[in-house]
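Structural features, examined
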Amino acid sequence: TQLLEQSPQFLSIQEGENLTVYCNSSSVFSSLQWYRQEPGEGPVLLVTVVTGGEVKKLKRLTFQFGDARKDSSLHITAAQPGDTGLYLCAGEDSGGSNYKLTFGKGTLLTVNP
Amino acid sequence: NAGVTQTPKFQVLKTGQSMTLQCAQDMNHNSMYWYRQDPGMGLRLIYYSASEGTTDKGEVPNGYNVSRLNKREFSLRLESAAPSQTSVYFCATQRTLYSNQPQHFGDGTRLSIL
């Protein structure tokens, strides 16, 4: 069974601070996706990383895929209250006979004004 | 532009009752998925349908059945509800399996089993 460990599980910071969320596994993934989920809604995709070592930026969010495609990180610069939400990483496995998109348990981020 | 529509949004059942959760999409996607989300457990795949006419088990299929009625609709049935099935259920779609394309989620069905 593939596992994705996300850390930290909870994070409460003040507006303007920087933060990093980690997503780690012992398994190799063909791609890794980051989603954000707000209360009462389904997850919404932020980014997909495919190539080992890849870095993608989405405004103040920077996503990195590890060289070995086993881990990823999400860095937020100058966090704002609108960044509050549950951040989920999900690894897609293209091997085997059954489809697998394995989700981490999420990081619940609260940005206080 | 509805995307992925789940009905109902909320439901309370008694143990042993049956129920079908409905999911419909207007995105013309081939693949559809049912997940459950529990506190501290993340999203877990129950069943998926790679394309119309096919369904396969995910990580936690016990106690559930699914039907891919047509390309647009994918339903999840609880034949005899149990308290352990209290959860938030999400339907998702994807253009095709293994496409590295995003999954698009509905807003969920919050189900309580008493």
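Heads up: these notes are all about the structure in this document. For clarity, every value in this text was computed on a predicted model and none was experimentally measured.

The next subject is the overall build of chain B. Helices and strands together make up the secondary structure of chain B, namely 0 helices and 11 strands. Along chain B, helices and strands appear, N-terminal first, in the series β-β-β-β-β-β-β-β-β-β-β. For a compact globule of 114 residues, the expected C-alpha radius of gyration is about 13 Å, and chain B comes in at 13 Å, within 12% of that figure. Residue pairs in contact within chain B that sit at least 24 positions apart in sequence constitute 55% of those at least 6 positions apart. For chain B, the exposed area adds up to about 5200 Å²; of that, 48% sits on carbon and sulfur atoms. Each charge class in chain B was averaged separately, 11 positive and 8 negative side chains, and the resulting centres sit 3 Å apart.

Residue and element names in this part refer to chain B. Ordered in space as β1-β3-β8-β7, the 4 strands form an open sheet in which the pairing is antiparallel. On the outer flanks of this sheet lie β1 (4-7) and β7 (64-68), each paired with one strand and no other. Geometrically, the sheet is characterised by an average inter-axis angle of 15° between neighbouring strands, direction not taken into account. Of the strand pairs in this sheet, β7 and strand β8 (residues 74-78) are connected by 5 bridges, and their pairing is antiparallel. Looking at β8, one finds that Val66 is bridged to Leu76.

Here Ser31(A) shows up in strand β4 (residues 31-37). Taking relative accessible area as the criterion, Ser31(A) reaches 0% and is therefore assigned buried. Not counting chain neighbours up to four residues away, the residues in contact with Ser31(A) comprise Thr48(A), Val49(A), Val50(A), Phe65(A), Ala90(A), Gly91(A), Glu92(A) and Asn100(B).

Moving on, we get to the packing of aromatic side chains. Inspection of the entire model under this criterion finds 10 aromatic pairs over all chains. Relative to Phe105(B), the ring of Tyr35(A) lies with its centre 5.7 Å away and its plane at 90°, an arrangement referred to as edge-to-face. Highlighted residues: Tyr35(A) in strand β4 and Phe105(B) in strand β10 (residues 104-105), drawn from two different chains. For Phe105(B), a relative accessible area of 12% puts it in the buried group. Following the ring pairs from residue to residue traces out a cluster consisting of Tyr35(A), Phe103(A), Tyr33(B), Tyr35(B), Tyr48(B), Phe90(B) and Phe105(B).

On to the nonpolar core, then. Judged by nonpolar contacts, the single largest core of 21 residues is most densely connected at Leu19(A), Leu32(A), Trp34(A), Phe63(A), Leu74(A), Ile76(A) and Leu109(A). Breaking this core down by element, the ones donating at least two residues are β3 (19-24), β4, β5 (44-49), β7 (61-65), β8 (71-76), β9 (85-93) and β11 (107-112) of chain A. In terms of nonpolar packing, the next biggest core, distinct from the first, is built from 20 residues, Cys23(B), Ile46(B), Tyr89(B) and Leu111(B) among them.

It is worth spelling out the pattern of salt bridges at this point. Overall, the coordinates contain 6 salt bridges over all chains when judged by the stated rule. The closest approach of N and O atoms between Arg36(A) and Glu38(A), which form a salt bridge, is 3.9 Å. The partner of Lys56(A) in a salt bridge is Glu54(A), and the shortest N-O contact between them spans 3.8 Å. Residue class for Lys56(A) comes out partly exposed when judged on its relative accessible area of 30%. Put simply, Arg36(B), Asp38(B) and Arg44(B) are held in one network by salt bridges that share partners.

The subject of this paragraph is the interface of chain A and chain B. Counting residues at the interface gives 25 residues for chain A and 22 residues for chain B. Across the interface of chain A and chain B, roughly 1800 Å² is buried in total on both sides, 54% from carbon and sulfur atoms. The tally of links between chain A and chain B comes to 0 salt bridges. Only β4, β5, β9 and β10 (100-103) of chain A provide two or more residues apiece to the side of chain A that touches chain B. Broken down by class, the residue content of the side of chain A that touches chain B amounts to 9 nonpolar, 12 polar and 4 charged.

With that out of the way, let us pick up the sheet that holds strand β1 (residues 5-7) of chain A. Residue and element names in this part refer to chain A. Spatially, β1-β3-β8-β7-β6 is the arrangement adopted by the 5 strands of the open sheet, whose pairing is antiparallel. At either end of the open sheet lies a strand with only one pairing partner, and these are β1 and β6 (55-58). The mean angle between the axes of side-by-side strands here comes to 15°, regardless of whether they run parallel or antiparallel. Of the pairings in the sheet, the one linking β7 to β8 comprises 5 bridges and is antiparallel in character. Within the sheet, the bridge partner assigned to Phe65 lies in β8 and is Ser72.

Procedures and definitions
Residues numbered from 1 in each chain as written. Chains lettered and ligands numbered in written order. Predicted model: local features only at pLDDT ≥ 70, side-chain atom pairs only at ≥ 80, totals over all residues. Heavy atoms only, no water. Helix = DSSP H or I, 4+ residues; strand = E, 2+ residues; numbered from the N terminus. Rg over C-alpha atoms; globule rule 2.2 N^0.38 Å. Contact = heavy atoms within 4.5 Å. Areas by Shrake-Rupley, 256 points an atom, 1.4 Å probe, with all protein chains shown as cover. Lys, Arg positive; Asp, Glu negative; His and termini not counted. Charge placed at Lys NZ, Arg CZ, Asp CG, Glu CD. Pairing = 2+ DSSP bridges. Axes fitted to C-alpha atoms, helices over the stretch in contact; angles between N-to-C directions. Buried < 20%, exposed > 50% of the residue type's maximum accessible area, 1.4 Å probe, protein only. Phe/Tyr/Trp six-rings, centres within 6.5 Å; stacked < 30°, edge-to-face > 60°. Core = buried A, V, L, I, M, F, W, Y, C linked by side-chain atoms within 4.5 Å. Salt bridge = Lys/Arg side-chain N within 4 Å of Asp/Glu carboxyl O. Buried area = accessible area lost by both parts, 1.4 Å probe. Nonpolar A, V, L, I, M, F, W, Y, C, P; charged D, E, K, R; others polar.

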